[in-house]
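As a plain string of letters, each chain reads:
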Amino acid sequence: MIRLRWALADGVTLVGREFARLRHDPGEIVAALLFPAVMVVLFGYVFGSAIGVPGGGDYREYLMPGLFAMVTFSSVTGVMTRTAADASRGVMDRFRSMPMARSAVPFGQTGADLLIGLPMLAVMVVAGLLAGWRPHLGPVATAQAFLLMVVLRYALSWVGVYAGLAVRDDRVADALVPLSLPVTMVSNAFVPTGGMPGWLRFLADWNPVSALTAATRELFGNPGVPAGDLAWPLAHPVAAVLLWSAALLAVSVPLALRALSL
Amino acid sequence: MESIVVAEGLHKSFGDVRALRGLDLNVRRGTVCGVLGPNGAGKTTAVRVLATLAAPDAGHASVAGHDVVREAAEVRARIGLAGQYAAVDEKLTGRGNLRMFGRLSHLPRREAHRRADELLDRFGLADAADRRVAGYSGGMRRRLDLIASLVRRPEVLFLDEPTTGLDPRSRGEIWQAVRELVADGTTVLLTTQYLDEADRLADDVAVVDHGRVIATGTPDELKATVGDRLDVVVEDPADLPRAAAVLTGLAGAEPAVSGGDRVSVALPGGLRLAGVVRELDRAGVAAADVRLRRPTLDEVFLRLTGRTEPVA
């Protein structure tokens, strides 16, 4: 019990650390908050002017669930770069040489990421509302959609912890960040997957980004809910998101804790 | 005197690289032990094992009476670790770092804050305390790194190359800090590739090469194993061969010639300077300078490791 209490207290200290870092870095806050708004303009008005929605409907209504998924996935790269920086600069070694709970490090990182993600999501929601996006199916379904994002985000942040510990070098981690772009793009987030070549469509259909996008489109009542002969994750998107979250946690939590105890 | 750090037969490999091959070490409580060795000798790996960051493949080690593998938590509660890389958060202030490490060391909040202020004052970082570490000089960072390992008043402090890459003044500041800590009763295990650092700070020196300790002793004891050196500078370079012959006769070994006017040889014990001068005189050598000197740790080190180039 005492160990658990200390693990929680240490986790809270490390969450506080992330916020202290941000407080000293206002530029990073502005960039993080500006990013969602820029995405709405870029995709909603630049690309959106030339993309048709399958089954009809407003592209920006179609787009917003995809952008929510994109913001959700930014947790992998964010946590990965922060963890890799700690690992390569010796901060992780100092943590590990201290009488603190080793599990506090990933719990602090992932907890902080969750709290950092909420204001980003809020800005995205406001930008979406300004662009004409609306949830149509009432408060319960809307809350469920956001809850799904939070759940998957948390699972993804553990993937980020493990990835950061695995690369152990902040320069490598920084170099890997742009690779997250194709991961979010090869999905149904911005365009329907129906027109993609078969092999790419397979990847896109099984991409967790697609599952989250499809699930939230369904729960918000936004256009583009796929119909017809579908891959399993797109036919059951809510279950797929929950299964993805469980699977990612089941794999990355033990891997991350093992990497920390070595 | 009581041993506070004990390592016996430590082995550790990383793939094909055998970093430690049966390392034994003994550090007496309240002393500074200098672990000396070239790059890649296994110094850092030894510290990582002792500080519970890496488990040995074979052998065992204890710190303050606790096994570093089975009782890692007890060990961690009693040690401090500062390294050659300043392991502090660059995006926080100096004070923010110390408060965070204090909280993570499970000091109560008020105590963590008080301790941070006290350490910043004592080690001359009070003025920079509220600036971000990213703007600190190399020496300031290293000092902050050092005091971050002191928040919990460790019994044993591991310093892994604490002054590598620092300018002379910053090195002096770190040395001063280490001396003060030892005066307070902290035991320090210090790895270094600077021999003068070991000479000035260490009570005992362990020379490490290829993953094991090849010699131990006080700096003086180690120097005595090499013996005093005799340097003769001749006035006329033409006298050099004759001077060399005299020294060969006295020392029973071939002397080293350097600089065109200097011969130098390791002397067996008991030889007096007056006798040397007399012998040179008899051979008709005009000596500009004759002196006996203690060997430097560099010479001890080079002889022990069989290397021809100085390490630092």
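Preceding this section is the structure that the text describes.
Definitions and cut-offs
Residues numbered from 1 in each chain as written. Chains lettered and ligands numbered in written order. Predicted model: local features only at pLDDT ≥ 70, side-chain atom pairs only at ≥ 80, totals over all residues. Helix = DSSP H or I, 4+ residues; strand = E, 2+ residues; numbered from the N terminus. Buried ≥ 20, exposed ≤ 12 C-beta atoms within 10 Å, placed from the backbone. Contact = placed C-beta atoms within 7 Å. Pairing = 2+ DSSP bridges. Axes fitted to C-alpha atoms, helices over the stretch in contact; angles between N-to-C directions. Core = buried A, V, L, I, M, F, W, Y, C linked by C-beta atoms within 7 Å. Right-handed = clockwise from strand over helix to strand, strands pointing away. Nonpolar A, V, L, I, M, F, W, Y, C, P; charged D, E, K, R; others polar. Expected span 1.5 Å × (residues − 1).

### Observations concerning the overall build of chain B
A tally of regular secondary structure across chain B gives 11 helices and 14 strands. The buried share of chain B, taken over its 312 residues, is 45%. Long-range contacts, defined as pairs at least 24 residues apart, comprise 67% of the intrachain contacts of chain B with a sequence gap of at least 6.

### Some thoughts on the sheet that holds strand S14 (residues 287-293) of chain B
All names here are of chain B. With antiparallel pairing, 4 strands are arranged side by side in an open sheet as S12-S13-S11-S14. Two strands close off the open sheet at either side, each with one partner strand: strand S12 (256-258) and S14. Between one strand and the next, the sheet's axes are offset by a mean angle of 20°, whatever the strand orientation. By the bridge criterion, 5 bridges tie strand S11 (residues 229-234) to strand S13 (residues 262-266) in an arrangement that is antiparallel. Each bridged residue has a counterpart across the sheet, and for Asp231 the counterpart in S13 is Ser264. Each of S11, S12 and S13 touches helix H9 (residues 240-251); the most contacted strand, S13, lies at about 10° to it. The sheet strands contacting helix H10 (residues 273-282) are S11 and S14, and the helix crosses S14 at an angle near 150°.

### Comments concerning the nonpolar core
Side chains of nonpolar character tend, in soluble globular proteins, to be buried together. Leu50 and Phe158 of chain B are the most contacted members of the largest nonpolar core, which has 137 residues in total. Looking at this core element by element, the count peaks at 16 residues for helix H3 (residues 59-88) of chain A. Other than its neighbours up to four places away in sequence, Leu50 of chain B contacts Val5, Ala7, Ala61, Val63, Val68 and Phe158 of chain B. Judged by nonpolar contacts, the second largest core, of 11 residues, contains Val232, Val246, Val276 and Leu280 of chain B.

### Comments concerning the sheet that holds strand S7 (residues 156-160) of chain B
Residue and element names in this part refer to chain B. Taken in spatial order, the 6 strands line up as S6-S7-S8-S3-S9-S10 in an open sheet, and their pairing is mixed. For this open sheet the edge positions go to strand S6 (79-82) and strand S10 (212-217), each flanked by a neighbour on one side alone. Here the strands of the sheet are splayed against their neighbours by 15° on average, with no regard to which way each runs. Bridge count between S6 and S7: 4 bridges; the pairing is parallel. When the bridges of S7 are listed, Gly80 appears paired with Leu157. Strand contacts of helix H6 (residues 168-183): strand S3 (32-36), S7 and strand S8 (187-192), with the helix running at about 150° to S8, the strand carrying the most contacts.

### Details of the pairing of S8 of chain B
All names here are of chain B. Among the 6 residues that make up S8, 6 are buried, leaving the element largely enclosed by the rest of the structure. Along S8, one buried face is formed by Thr187, Leu189 and Thr191 and the opposite face, lined by Val188, Leu190 and Thr192, is buried too. One ladder, built from 5 bridges, connects S7 with S8; its direction is parallel. Counterpart to Asp160 in the pairing with S8 is Thr191. In this view, the connection linking S7 to its parallel neighbour S8 by way of H6 has right-handed handedness.

### Here's the deal with the environment of Asp199 of chain B
Residues and elements named next belong to chain B. Topologically, Asp199 is positioned in helix H7 (residues 195-201). Of the residues examined, Asp199 has 20 C-beta atoms within 10 Å and is grouped as buried. Along the backbone, Asp199 and Thr225 are 26 residues apart, and their C-alpha atoms lie at a distance of 15 Å. Every residue in contact with Asp199, bar those within four places of it in the chain, is listed here: Pro219 and Leu297.

### Re the interface of chain B and chain A
Between chain B and chain A, the residue contacts involve 22 residues of the former and 18 residues of the latter. Every element with two or more residues in the side of chain B that touches chain A is listed here: helix H2 (72-76), S6 and helix H3 (94-104) of chain B. A total of 4 residues in the side of chain B that touches chain A trace back to one element, the largest contributor, which is H3 of chain B. Classifying every residue of the side of chain B that touches chain A by side-chain character gives 12 nonpolar, 5 polar and 5 charged.

### Details of the pairing of strand S1 (residues 3-14) of chain B
Residue and element names in this part refer to chain B. Looking at chain direction, S1 and strand S2 (residues 17-28) are connected through 9 bridges and run antiparallel. When the sheet's bridge partners are listed, Leu10 is paired in S2 with Leu23. Here S1 folds back onto S2 in antiparallel fashion, the turn holding 2 residues, of which Gly15 has a positive phi close to 65°. Bridge count between S1 and strand S4 (residues 58-63): 5 bridges; the pairing is antiparallel. Residue Ala7 lies in a different strand from S4, and its bridge partner there is Ala61.

### Side note on the environment of Val161 of chain A
Residues and elements named next belong to chain A. Relative to the assigned elements, Val161 resides in helix H6 (residues 138-167). In sequence terms Val161 and Arg89 are 72 residues apart; their C-alpha atoms lie 16 Å from each other. Those residues in contact with Val161, other than ones at most four positions away along the chain, are Val79, Thr83, Pro106, Gln109, Thr110 and Ala256.

### Observations concerning helix H10 (residues 208-220) of chain A
Residue and element names in this part refer to chain A. In a regular helix each residue adds 1.5 Å, so 13 residues correspond to 18 Å; H10 covers 18 Å between its end C-alpha atoms and thus fits that length. Counted residue by residue, H10 has 12 buried out of 13 residues, so it is predominantly covered. Looking only at H10, the buried set comprises Pro208, Val209, Ser210, Ala211, Leu212, Thr213, Ala214, Ala215, Thr216, Arg217, Leu219 and Phe220. The secondary structure elements touched by the buried residues of H10 are H3, H6, helix H8 (180-185), helix H9 (198-206), helix H11 (232-235) and helix H12 (237-261). A positive phi of about 70° marks Gly221, the residue just after H10.

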